[in-house]
Amino acid sequence: RVIEIARAIPDPPPVIFIVHGLPHLRAALRAGAESGRPVVAVSGQGASAYAGAGWFVELIRQARAEFPHVPLTAMLDCADRAGDALAAFDAGVTEIIFTGHPDAGARLRGIAASLGAKLHDLRPEGLDLMNLKNPLFTARRHCGLPP
């Protein structure tokens, strides 16, 4: 029984970053590569409205091409914008944060399941790389690496 529980906990656990562009995602993935930890990259809050799903898909495509061996989960925050969530699914985003009305969330969750995608109703907490002078240094520390 203890072995079953241990298998359910990822080893090492993923590290969560809030990213606002390719330099942030590169820093997060480099730190993940150096520490051997999977990375969860979460867009800025409501990024679907000001950056769009196409931007996010291209951001993730570029990052995966540069760091193909780092496990990456990428989540686009659509805030309460159901239309943005649908557009994100159409663009190929597979992890979406939607914090809008629960009825809309239930319908979106059904659509996500039919596409093999996931809809999250809570935004995970992570290290926000916005406005940092040295995102890589801070990302490395967030991963538990020495300075």
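Residues numbered from 1 in each chain as written. Predicted model: local features only at pLDDT ≥ 70, side-chain atom pairs only at ≥ 80, totals over all residues. Heavy atoms only, no water.

**A few points about the pattern of salt bridges**
Reasoning step 1: As enumerated under the stated definition, the model contains six salt bridges in all.
Reasoning step 2: When the shortest N-O distance is used, the salt bridge between Arg140 and Glu34 registers 2.4 Å. Of this pair, Arg140 sits in helix α7 (residues 135-142) while Glu34 sits in helix α2 (residues 22-35), placing them 106 residues apart in sequence.
Reasoning step 3: Relative accessible area serves as the criterion here: at 22%, Arg140 is assigned to the partly exposed category.
Reasoning step 4: The shortest N-O distance in the salt bridge between Asp121 and Arg109 comes to 3.9 Å. Of this pair, Asp121 sits in the loop between β5 (118-120) and β6 (127-128) while Arg109 sits in helix α6 (residues 102-115); the two residues are 12 residues apart in sequence, bridging distant segments of the chain. (Salt bridge = Lys/Arg side-chain N within 4 Å of Asp/Glu carboxyl O. Helix = DSSP H or I, 4+ residues; strand = E, 2+ residues; numbered from the N terminus. Buried < 20%, exposed > 50% of the residue type's maximum accessible area, 1.4 Å probe, protein only.)

**Quick notes on the environment of Gly46**
Reasoning step 1: One can find Gly46 in the loop between β2 (39-43) and α3 (47-50).
Reasoning step 2: A sequence separation of 38 residues divides Gly46 from Asp84, and the C-alpha atoms of the two residues are 9.5 Å apart.
Reasoning step 3: In this view, Gly46 contacts Asp77 and Ala79; residues no more than four positions away in its chain are not counted. (Contact = heavy atoms within 4.5 Å.)

**What to know about the packing of α2 against α7**
Reasoning step 1: One can describe the packing of α2 onto α7 by two numbers: an axis separation of 8 Å at closest approach and a directional angle of 40°. Classified by the angle their axes make, α2 and α7 are oblique. As for the relative orientation of α2 and α7, their crossing is right-handed in sense. Between α2, through His24, Ala27, Ala28, Arg30, Ala31 and Glu34, and α7, the contact on the second element is made entirely by Pro135, Leu136, Ala139 and Arg140.
Reasoning step 2: Of the residues in the contact of α2 with α7, the class split is six nonpolar, one polar and three charged. (Axes fitted to C-alpha atoms, helices over the stretch in contact; angles between N-to-C directions. Parallel < 35°, antiparallel > 145°, perpendicular 65-115°, else oblique. Left-handed = near helix turned anticlockwise from the far one by under 90°. Nonpolar A, V, L, I, M, F, W, Y, C, P; charged D, E, K, R; others polar.)

**Some details on the environment of Gly105**
Reasoning step 1: Within the fold, Gly105 resides in helix α6.
Reasoning step 2: Residue Gly105 is classed as buried on the basis of its relative accessible area of 6%.
Reasoning step 3: Residues Gly105 and Asp80 lie 25 residues apart in sequence; the distance between their C-alpha atoms is 9.1 Å.
Reasoning step 4: Excluding residues that lie within four positions of it along the chain, Gly105 makes contacts with Phe98 and Leu119.

**With respect to the side chain of Asp77**
Reasoning step 1: Position of Asp77 relative to the elements: it lies in strand β3 (residues 72-77).
Reasoning step 2: Looking at Asp77, the relative accessible area reads 2%, which means it is buried.
Reasoning step 3: A distance of 2.7 Å separates a polar atom in the side chain of Asp77 from the backbone nitrogen of Ala79.
Reasoning step 4: Setting aside its immediate chain neighbours within four residues, Asp77 contacts Ser43, Gly44, Gln45, Gly46, Ala47, Ser48, Ile97 and Arg123. (Polar contact = N/O pair within 3.5 Å; in protein donor to acceptor, adjacent residues only side chain to side chain.)

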